[in-house]
Amino acid sequence: MSRPIKISLTRRYRFAASHRLHRPNFSDDENQRIYGKCSSPYGHGHNYSLEVTVSGAVDPATGMVANLGDLDPFVEREVVEAFDHKYLNEEVQEFVEDVPTAENICREIHRRLKTFPAARLERVRLEETSKNSFEFDGEVGGREQRAP
Ligand code: NI
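What counts and how
- Residues numbered from 1 in each chain as written.
- Predicted model: local features only at pLDDT ≥ 70, side-chain atom pairs only at ≥ 80, totals over all residues.
- Heavy atoms only, no water.
- Axes fitted to C-alpha atoms, helices over the stretch in contact; angles between N-to-C directions.
- Helix = DSSP H or I, 4+ residues; strand = E, 2+ residues; numbered from the N terminus.
- Left-handed = near helix turned anticlockwise from the far one by under 90°.
- Contact = heavy atoms within 4.5 Å.
- Nonpolar A, V, L, I, M, F, W, Y, C, P; charged D, E, K, R; others polar.
- Core = buried A, V, L, I, M, F, W, Y, C linked by side-chain atoms within 4.5 Å.
- Buried < 20%, exposed > 50% of the residue type's maximum accessible area, 1.4 Å probe, protein only.
- Donors = N, O, S within 2.8 Å, 3.2 Å for Na, K, Ca; no water.
- Polar contact = N/O pair within 3.5 Å; in protein donor to acceptor, adjacent residues only side chain to side chain.
- Pairing = 2+ DSSP bridges.
- Bend = angle between axes of the 7 residues up to and from the residue.

S.K.: What exactly am I supposed to notice about the packing of helix α2 (residues 68-83) against helix α5 (residues 102-113) here?
M.R.: What describes two packed helices is the angle between their axes and the distance between those same axes. α5 packs onto α2 with a crossing angle of 145° between their chain directions and a minimal axis gap of 9 Å. For the element pair α2 and α5, the recorded crossing hand is right-handed. Residues Phe74, Val75, Glu78, Val79, Ala82 and Phe83 of α2 touch α5, and the partners they reach there are Ile105, Glu108, Ile109, Arg112 and Leu113. When grouped by side-chain class, the residues that make up the contact of α2 with α5 number eight nonpolar, no polar and three charged.

S.K.: I would appreciate a short explanation of the nonpolar core in the present structure.
M.R.: Generally speaking, a soluble globular protein has its nonpolar side chains buried in company with each other. Residues Phe83 and Ile109 are the most contacted members of the largest nonpolar core, which totals 31 residues. Sorting the residues of this core by element identifies β1 (6-19), β2 (44-57), α2, α5 and β4 (120-127) as the ones contributing at least two each. For this core, the element with the most residues is α2, which contributes seven residues. When residues no more than four places from it in sequence are discounted, the contact partners of Phe83 are Phe15, Ala16, Ala17, Leu88, Val92, Phe95, Ile105, Glu108, Ile109 and Arg112.

S.K.: Where do I start with the coordination of the nickel ion in this structure?
M.R.: Each pair of donors in an ideal four-coordinate tetrahedral metal site encloses 109.5 degrees, whereas pairs in an ideal six-coordinate octahedral site enclose 90 or 180 degrees. Looking at the metal site, the nickel ion is ligated by His19 (NE2), His44 (NE2) and His46 (NE2), spaced 2.0 to 2.1 Å from it. Donor residues binding the nickel ion come from one chain and are separated in sequence as H-x24-H-x1-H.

S.K.: In this structure, what is going on with the side chain of Glu51? I would like to understand it.
M.R.: Its place among the elements puts Glu51 in strand β2. Looking at Glu51, its side chain comes within polar contact range of the side chain of Arg12, at 2.5 Å. Apart from the residues lying within four places of it in its own chain, the contact partners of Glu51 are Thr10, Arg11, Arg12, Arg123, Val124 and Arg125.

S.K.: Just checking my understanding: could you explain the side chain of Asn31 for this structure?
M.R.: Tracing the sequence through the fold places Asn31 in helix α1 (residues 28-35). A polar atom in the side chain of Asn31 sits 3.2 Å from the backbone oxygen of Phe26. Discounting chain neighbours no more than four positions away, the residues touching Asn31 are His22, Arg23, Phe26, Gly36 and Ser39.

S.K.: Looking at this structure, I do not really get the sheet that holds β2. What am I missing?
M.R.: By way of backbone hydrogen bonds, the strands of a sheet pair with one another, either parallel or antiparallel. Ordered by their spatial adjacency, five strands build an open sheet running β3-β1-β2-β4-β5, and the pairing between neighbours is mixed. The sheet terminates laterally at β3 (86-87) and β5 (133-136), the two strands that pair on one side only. Sheet topology note: the β1/β3 ladder contains two bridges and is parallel. Its bridge partner lying in β3, Ala17 is registered against Lys86.

S.K.: Help me out: how do you make sense of α2 in this one?
M.R.: Each full turn of the α-helix corresponds to 3.6 residues, which orients residues three or four apart in the same direction. The sharpest bend along α2 reaches about 45° and sits at Glu76. Inspection of α2 places Leu71, Asp72, Phe74, Val75, Val79, Val80, Ala82 and Phe83 among the buried residues, and these make up the whole buried set. The inward-facing, buried residues of α2 contact β1, β2, β3, α3 (88-91), α4 (93-97) and α5. Of the residues one or two after α2, His85 is the one with positive phi, at around 60°.

In structure tokens, the structure reads:
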């Protein structure tokens, strides 16, 4: 039998959620300057598209790197059910404390999915609008930016 090969698998999920970009430790003027209309107190929504990439050796018995029957319910439970049709700022604990920018949503999704037991989580990619997408592979230690 030939040696197992490594394959990555990307699967797309969707959820809709609302958020407000606002930090209570910034003044109203600062929030307005930094976040613009995204700091509106009434919030606004997005239809998010999430791509989850996992990798591993192809199981010679099944011919698969990960069974979608395992991946789908895991992502549904950890992310889609937790985020879909939620006001992220108040209904997801992590964003009560941290502003739910797409960057922070990416990081939180990665944190929730990295324990997937059947394959290695390579990357999450989040599309917030048709113009914006964000990717996180779990790497830490990018050059720190000071708050403006
Ligand atoms: Ni937004």
